[in-house]
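# What the coordinates show
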Amino acid sequence: MVAVHVQYTSPPRGAAMRPPKNETLSIRTSAEVKMLLRLAAEREHRSISSMLEVLIREHATKLGLQAQALAEGAASSAANERTA
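Our subject in this report is the structure included herewith. (Residues numbered from 1 in each chain as written. Predicted model: local features only at pLDDT ≥ 70, side-chain atom pairs only at ≥ 80, totals over all residues. Heavy atoms only, no water.)

If you tally the helices and strands in the protein, you get three helices and zero strands. When burial is assessed residue by residue, the protein has 6% of its 84 residues classed as buried. Here the protein displays about 8,300 Å² of accessible surface, and carbon together with sulfur accounts for 57% of that area. (Helix = DSSP H or I, 4+ residues; strand = E, 2+ residues; numbered from the N terminus. Buried < 20%, exposed > 50% of the residue type's maximum accessible area, 1.4 Å probe, protein only. Areas by Shrake-Rupley, 256 points an atom, 1.4 Å probe, with all protein chains shown as cover.)

Here it is as C-alpha cells:
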C-alpha cells in the first residue's frame, strides 16, 4: 500500500499569479500530431490542454516573445492609427 500526501502551498507574497483561463482555442490537426500531443501529455501527467500550453510557452520563450508586450504594442499601434 502506498500513501500519498499532497500539500498546497500558496505562492510567495509578491509572486505573479497567472491570469484565469477564459479563452477557447480550437485547432485542426492530423491524427499523428494529435497522438504525439496525447503521448507527451501522458508522459508528463498533464492534460492535453496543459501540455499544449507548456509547449506554446516554451516555444515563445525560445523566440523571445512576450504576450503582454505584444498586446501593449497592438494597443499603441491602434491608438496611433486613430490619431493620424
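What follows is about a nonpolar patch on the surface. A grouping of Leu25, Ile27 and Ile56 is seen on the molecular surface, where their side chains present a nonpolar patch of about 330 Å² in accessible area. Turning to its location among the elements, Leu25 is positioned in the segment before helix 1 (31–43). (Patch = residues over 30% accessible without salt bridge, like charges linked within 9 Å, V, L, I, M, F, W, Y side chains within 5 Å. Salt bridge = Lys/Arg side-chain N within 4 Å of Asp/Glu carboxyl O.)

Put simply, helix 1 and helix 2 (residues 48–63) touch, their axes get as near as 9 Å, and they point 95° apart. As summarised for this structure, helix 1 and helix 2 are arranged roughly perpendicular, according to the angle between their axes. Note on element contacts: helix 2 touches helix 1 through Ile48, Met51, Leu52 and Leu55, opposite Leu37, Arg38, Ala40 and Ala41. Residue composition of the contact of helix 1 with helix 2, grouped by class: seven nonpolar, no polar and one charged. (Axes fitted to C-alpha atoms, helices over the stretch in contact; angles between N-to-C directions. Parallel < 35°, antiparallel > 145°, perpendicular 65-115°, else oblique. Contact = heavy atoms within 4.5 Å. Nonpolar A, V, L, I, M, F, W, Y, C, P; charged D, E, K, R; others polar.)

Using the criterion set out here, one finds four salt bridges in the structure. For the salt bridge of Lys21 with Glu53, the shortest nitrogen-to-oxygen distance reads 3.0 Å. One end of the pair, Lys21, is in the segment before helix 1; the other, Glu53, is in helix 2, with 32 residues separating them in the sequence. Given the relative accessible area of 66%, Lys21 is considered exposed. The shortest N-O distance in the salt bridge between Glu42 and Arg38 comes to 2.4 Å. Note that Glu42 and Arg38 are positioned in helix 1 at a spacing of four residues, about one turn of the helix. Relative accessible area serves as the criterion here: at 32%, Arg38 is assigned to the partly exposed category. One salt-bridge network, in which partners are shared between bridges, spans Lys21, Glu53 and Arg57.

Bringing the environment of Ser47 into the picture now. Its place among the elements puts Ser47 in the loop between helix 1 and helix 2. As for Ser47 and Leu37, which are separated by 10 residues in sequence, their C-alpha atoms are 9.7 Å apart.

Here we take up the environment of Glu42. Judged by relative accessible area, which is 44%, Glu42 ranks as partly exposed. Among the polar contacts made by the side chain of Glu42, one reaches the side chain of Arg38 at a distance of 2.4 Å. (Polar contact = N/O pair within 3.5 Å; in protein donor to acceptor, adjacent residues only side chain to side chain.)

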